[in-house]
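# Structural description and commentary
Listed here are the chains, written in short residue letters.
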Amino acid sequence: MLTIALPKGRIAEETLEIFTHIFGGEFEFESRKLILDIGEFRFLNVRNQDVPTYVEHGAADIGVVGLDVITEKELDIVNLLDMQLGKCKVSIGIKNEDELDWSKPNIKVATKMVNITRDYFSQKAVGVEIIKLYGSIELAPLVGLSDVIVDIVDTGNTMRENGLKVAEDIMESSAYLIANKNSFYAKKDEILSLYEKIKMAVESRN
Ligand code: AMP
């Protein structure tokens, strides 16, 4: 039996499609149900940010989560495979009429992703004041809370519709298959067999 934590939404749907493709059958959560038991698998329906918590604590053996989340949280897990789903970028956004001025002494940056932001600006040896927000990051520069933002960009529509542009990309992200370290040793054969099947399915989708 393998327990697999999936993030609610598109990544869970696409991951379950891959399972359907590999094993046949109905890999789909009933509405509002948080657990799906099918064959040798138990799927957990959790928030994106919570997937690594379930996996790190061993409540799930494996999980699927964005590289942005893995990088931000500096997790003690095994990184198995780029599933090439949920592709997006982590980028610096700024008002259309502004330019990013690296020589400014203390750039104010609003973001959910405090660690990624701190690491990126410190690599450039630029001092920043990081303002942690939990959502609607794009609002911050519009009302003078920050000079720039660091946020996830998918289509770019949210920034465009709010009069912002991408000043610089920090990293590309996509969903990765991850495993709990103990599970990876205790259930190595099961996990590697599943890994091989998912890898082939991912390669055939691309
Ligand atoms: P978009 O307008 O398509 O560029 O999407 C950007 C908005 O959606 C931002 O507010 C992001 O925080 C959010 N978003 C897009 N993709 C993801 C993702 N994979 N994970 C978390 N948030 C996302």
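Scroll up to find the structure this text is about.
These figures come from a predicted structure and were not determined experimentally.

With 31 residues, the main nonpolar core has Phe-43, Leu-80 and Ile-198 as its most contacted residues. Mapped onto this core, the elements with two or more residues apiece are β1 (2-7), α1 (10-23), β2 (35-38), β3 (41-46), β4 (62-66), β5 (78-82), β11 (175-179) and α8 (188-205). For this core, the leading source of residues is α8, giving 6 residues. If you look at the next biggest cluster of nonpolar residues, it comprises 29 residues, including Val-55, Ile-77, Val-90 and Tyr-120.

Strand order in this open sheet of 5 strands is β8-β7-β9-β6-β10, and the pairing throughout is mixed. Of all the strands in the sheet, the pair left with one neighbour each is β8 (128-132) and β10 (164-173). In this sheet, adjacent strand axes meet at a mean angle of 25° when their direction is disregarded. Where strand β7 (residues 107-111) lies against strand β9 (residues 148-153), 3 bridges are found, and the strand directions are parallel. Paired with Val-109 across the two strands is Val-148, which belongs to β9.

Turning to the packing of aromatic side chains, a few remarks are in order. Remark: the centre distance and the inter-plane angle together describe each pair of aromatic rings, the angle taken between the planes. Summed over the entire model, instances satisfying the criterion amount to 11 aromatic pairs. With centroids separated by 6.0 Å and ring planes inclined at 70°, the aromatic side chains of Phe-184 and Tyr-185 adopt a geometry described as edge-to-face. One aromatic cluster in this structure is built from Phe-19, Phe-23, Phe-27, Phe-41 and Phe-43. If you follow Lys-124 out to its NZ or CZ, it ends over the ring of Trp-102, 4.9 Å from the centre.

Basis of the calculations
Residues numbered from 1 in each chain as written. Predicted model: local features only at pLDDT ≥ 70, side-chain atom pairs only at ≥ 80, totals over all residues. Heavy atoms only, no water. Core = buried A, V, L, I, M, F, W, Y, C linked by side-chain atoms within 4.5 Å. Buried < 20%, exposed > 50% of the residue type's maximum accessible area, 1.4 Å probe, protein only. Helix = DSSP H or I, 4+ residues; strand = E, 2+ residues; numbered from the N terminus. Pairing = 2+ DSSP bridges. Axes fitted to C-alpha atoms, helices over the stretch in contact; angles between N-to-C directions. Phe/Tyr/Trp six-rings, centres within 6.5 Å; stacked < 30°, edge-to-face > 60°. Lys NZ or Arg CZ within 6 Å of the ring centre and 35° of its normal.

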